[in-house]
Structure formats: structure tokens, C-alpha cells
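What follows is each chain in one-letter form.
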Amino acid sequence: MGREDSADESALSGEPQLIAHRGYDGENPENTIPAVRAAASDSRTDAIEIDVRATRDGEIIVFHDDDLSRLTDAPMSICDTPIWELSYETLSGYTIGDSDASIPTLTAVLAAIPASITVNIELKHPGCEGVRPGLVDTETRAAAIDRWNPFVRQVFDIATTTEHDILASSFYEGALAAARATAPTIPLAPLVGDSVETALIIADRYDAAAIHPSIDLLFTESLCLSSAGKSLREAAQTADWQLNVWTITTQTAAVSLQKLGVDGIISETPEIVPLTW
Ligand code: G3P
Ligand code: MG
């Protein structure tokens, strides 16, 4: 790798925005009311990222996983059941990790966050079978949009009754396509785990404001810019897409990203912010 590829060799730039991943899941019970309250009360926080999905009875909840097994002590008979097959009444009976915080609704989470904090809503699952991350081909795009439409409409109906600035992100083209059709002015961002090409196609197709890559895609293990990261950064600069990178766990990584000039750091803790920022 040449000198020009090292993040440390990049020109110094301004400080990136700090986005609290699941309400700083490194120190709070993820995606809960106490987590977003704690994140919002930290002066370093610019935005909060939350994951949203639908229950069987059409409630929009803030919850990351497809089932209850990792995050709750739900019994075997229920913990493998997909969230979209459970009612909100059932789901609200469980608490997250060791905390006494229950699975919240999107409405309750937004009400707990001051309007001055931007909310990055990650569209996780529309509550029906048959969704696939990444691109959808032309023949099945209309069907993919139909699957996401009711859920996305409901999420935006809830979000737009608040004063928050919203940024909607997703790993799914269908979600972003439905979002763009439903709310032409809400900023969108494709999430990128592995394919830069896919992210660029989606960002271009739906007039994205930002791209959200994984730090593992952007950097090598020694925190040098990878070839994929280089392509992504060049494309983002050309198209004027912001780059918000997830999920940051160390100050070293945060400093490397700041030197690279990224716009946002989606972090599990605010402690990754150096004192000098
Ligand atoms: O939005 C960034 C990040 O949250 C994407 O991955 O699995 O943590 O939702 P995940
Ligand atoms: Mg997320």
C-alpha cells in the first residue's frame, strides 16, 4: 500500500458528526428509551441511530434483531419466533439484556429525544417474509417496493409528526426505493457491508444524501484506506455524498476517520471522541 493510501497521510479536516449507534450500545441497553435519553444528554452527540421494524399487529418498534434470542430472556418456545410473527403486547413483556428497559415503540423513542438531535432511522425489516438485502433486479423491484411501502409510510408518518431532522438508511434497495417514493425530501443513505458497487448504484438511483459504509470495508486491519474504501471515497466526493461510517469502537479508528475527512462516525460509545475535538 502506497503512502497516498494511508488514512494518516490524508489532509486534516473538520470534526465528524458523532452518531450514537443504537443509543451507544457499548454502554446502554441498545435501542431503548434509557439509551436514547443517555445519548441525547451527552454534549458530544449530534445524532442517534436506531433500528426499526414492524410487529405482527403493525406496531413500529425500535429493535435490532430478527428474534428475541440474543437480547432478551424469552423462553425457548418464543425466542426463535420472528419478530414479525409476534404482537407488540407480547414483545413489550420482555426487557433488554440485564436492564429493566422494555422494547420501545418508535413513537416513544422519538418522544424521548430532543428535537435538536438528528435521528438516523435504519429501516430494518418491514414485517413480512421475502425481503432480501442489497439490489433488487428490475423485474422484481415493484414487488420489493410493495413489500416495504406500508411499513415505510408508517415510519415516516410517525417521524414527520416530530420536529427531528431524519436520515433514513437501509441495507435494502426496496426500503430506500419505498422511502424515496413516499417522502421525496427525506435524506437517504444506503448501508454498505461489502459491495461498494451496490452502494453506488443505490445511492445514485435514489438520490442519496449519504453512504454508510462499514469501517471494515473502508479500512484495512492496520487502518489504511482499502482499495474499496478508496473507490468509495472518490465516488462520494464526486457525487457529494456524505460518508458516515459504522461501527466505531476505538479512539484510534475515530482519529483515522477524522483525518480521512468522513462526515460522521456511528459509534458504540462517545468515549471514542478525543479530548482535542
Ligand atoms: O446503521 C449502522 C449500523 O447500525 C448498521 O448495522 O447491524 O448495527 O444495524 P447494524
Ligand atoms: Mg443499525
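Residues numbered from 1 in each chain as written. Chains lettered and ligands numbered in written order. Predicted model: local features only at pLDDT ≥ 70, side-chain atom pairs only at ≥ 80, totals over all residues. Heavy atoms only, no water.

A. Up close: the overall build of the protein. Looking only at helices and strands, one finds 10 helices and 9 strands in the protein. On C-alpha atoms alone, the protein measures out to a radius of gyration of 18 Å, which is about the 19 Å that the 2.2 N^0.38 rule sets for 277 residues. With the C-alpha coordinates of the protein rotated into their principal frame, the extents come out at 55 × 45 × 35 Å. Residues counted as buried form 54% of the 277 residues belonging to the protein. (Helix = DSSP H or I, 4+ residues; strand = E, 2+ residues; numbered from the N terminus. Rg over C-alpha atoms; globule rule 2.2 N^0.38 Å. Buried < 20%, exposed > 50% of the residue type's maximum accessible area, 1.4 Å probe, protein only.)

B. Structural view of the nonpolar core. Counting residues in each nonpolar core, the largest one holds 69 residues, and the members touching the most others are Ile50, Val52, Leu106, Ile121 and Leu123. In terms of residue count, helix H5 (residues 138-159) provides more of this core than any other element does, 7 residues in total. Contact partners of isoleucine 50, with chain neighbours within four places excluded, come to Asn31, Val36, Val62, Leu106, Val109, Val119, Asn120, Ile121 and Glu122. Core analysis: the second largest hydrophobic core is formed by 14 residues, Ile78, Leu86, Tyr88 and Ile103 among them. (Core = buried A, V, L, I, M, F, W, Y, C linked by side-chain atoms within 4.5 Å. Contact = heavy atoms within 4.5 Å.)

C. Molecular detail of helix H7 (residues 196-205). Among the residues making up H7, those that are buried are Val196, Ala199, Ile202 and Ala203. Angular distribution of buried residues about the axis of H7 spans 130°; they occupy a single face of the element. Exposed residues pointing more than 90 degrees away from the buried face of H7 are listed as Glu197 and Asp204. Taken together, the buried residues of H7 touch helix H6 (173-182), strand S6 (188-192), strand S7 (210-213), helix H8 (215-218) and helix H9 (227-239). Where H7 terminates, the next one or two residues include aspartate 207, which has phi positive at roughly 50°. (Arc of directions from axis to C-beta.)

D. Highlighting the confidence of the model for the protein. Averaged over all residues, the pLDDT of the protein equals 94, while 95% of them reach at least 70. Taken together, the stretch residues 1-12 has pLDDT below 50 and engages in 24 contacts with residues farther than four places along the chain or on a different chain. (pLDDT = per-residue confidence, 0-100.)

E. Molecular detail of the packing of H5 against H6. As a packed pair, H5 and H6 sit with axes 7 Å apart at the nearest point and diverge in direction by 60°. By the angle class used here, H5 and H6 are oblique. As for the relative orientation of H5 and H6, their crossing is right-handed in sense. In contact with Arg141, Ala144, Ile145, Trp148, Asn149, Val152, Arg153 and Phe156 of H5, H6 contributes Glu173, Gly174, Ala175, Ala177, Ala178, Ala179 and Thr182. Per-class residue counts for the contact of H5 with H6 are 9 nonpolar, 3 polar and 3 charged. (Axes fitted to C-alpha atoms, helices over the stretch in contact; angles between N-to-C directions. Parallel < 35°, antiparallel > 145°, perpendicular 65-115°, else oblique. Left-handed = near helix turned anticlockwise from the far one by under 90°. Nonpolar A, V, L, I, M, F, W, Y, C, P; charged D, E, K, R; others polar.)

F. Just the coordination of the magnesium ion (ligand 2), in detail. Distances from the magnesium ion (ligand 2) to its protein donors, Glu49 (OE), Asp51 (OD) and Glu122 (OE), fall within 2.0 to 2.2 Å. On the basis of relative accessibility, which here comes to 0%, the residue aspartate 51 falls in the buried class. Owing to a relative accessible area of 5%, glutamate 122 belongs among the buried residues under this scheme. (Donors = N, O, S within 2.8 Å, 3.2 Å for Na, K, Ca; no water.)

G. Fine view of the site of ligand 1. Within the structure, ligand 1 sits among His21, Arg22, Glu49, Asp51, His64, Glu122, Lys124, Phe171, Leu191 and Trp246. Histidine 64 is positioned such that a nitrogen or oxygen atom in its side chain is 2.7 Å from an oxygen atom of ligand 1. The separation between an oxygen atom of ligand 1 and a polar side-chain atom of glutamate 122 is 2.8 Å. A total of 290 Å² of accessible area belongs to ligand 1 in isolation, and the protein chains cover 91% of it. (Near = heavy atom within 4 Å. Polar contact = N/O pair within 3.5 Å; in protein donor to acceptor, adjacent residues only side chain to side chain. Areas by Shrake-Rupley, 256 points an atom, 1.4 Å probe, with all protein chains shown as cover.)

H. Expanded view of the packing of aromatic side chains. Evaluation of the coordinates by the stated rule reveals 3 aromatic pairs. Judged by centre distance (5.0 Å) and plane angle (50°), the ring pair of tryptophan 148 and tyrosine 172 falls under tilted. Within this pair, whereas tryptophan 148 is found in helix H5, its partner tyrosine 172 is found in the loop between strand S5 (166-170) and H6, the two being separated by 24 residues in sequence. Ring geometry for phenylalanine 171 against tryptophan 246: centres 5.7 Å apart, planes inclined by 90°, an arrangement best described as edge-to-face. Of the two residues, phenylalanine 171 sits in the loop between S5 and H6 while tryptophan 246 sits in strand S8 (residues 242-248), which places them 75 residues apart along the sequence. A relative accessible area of 26% means that phenylalanine 171 is categorised as partly exposed. Here the aromatic residues Trp148, Phe151 and Tyr172 are joined through ring pairs into a cluster of three or more. (Phe/Tyr/Trp six-rings, centres within 6.5 Å; stacked < 30°, edge-to-face > 60°.)

I. Seen up close, the environment of glutamate 173. By the element assignment, glutamate 173 lies in helix H6. On the accessibility criterion, glutamate 173 (0% relative accessible area) is buried. Separated by 38 residues in the primary sequence, glutamate 173 and leucine 135 have C-alpha atoms spaced 5.3 Å apart. Residues within four places of glutamate 173 in sequence aside, it is in contact with Gly134, Leu135, Val136, Arg141, Ile202, Arg205 and Tyr206. Among the polar contacts listed, one links the side chain of glutamate 173 to the side chain of arginine 141, at a separation of 3.2 Å. Polar contacts involving the side chain of glutamate 173 include one to the side chain of tyrosine 206, which spans 2.5 Å.

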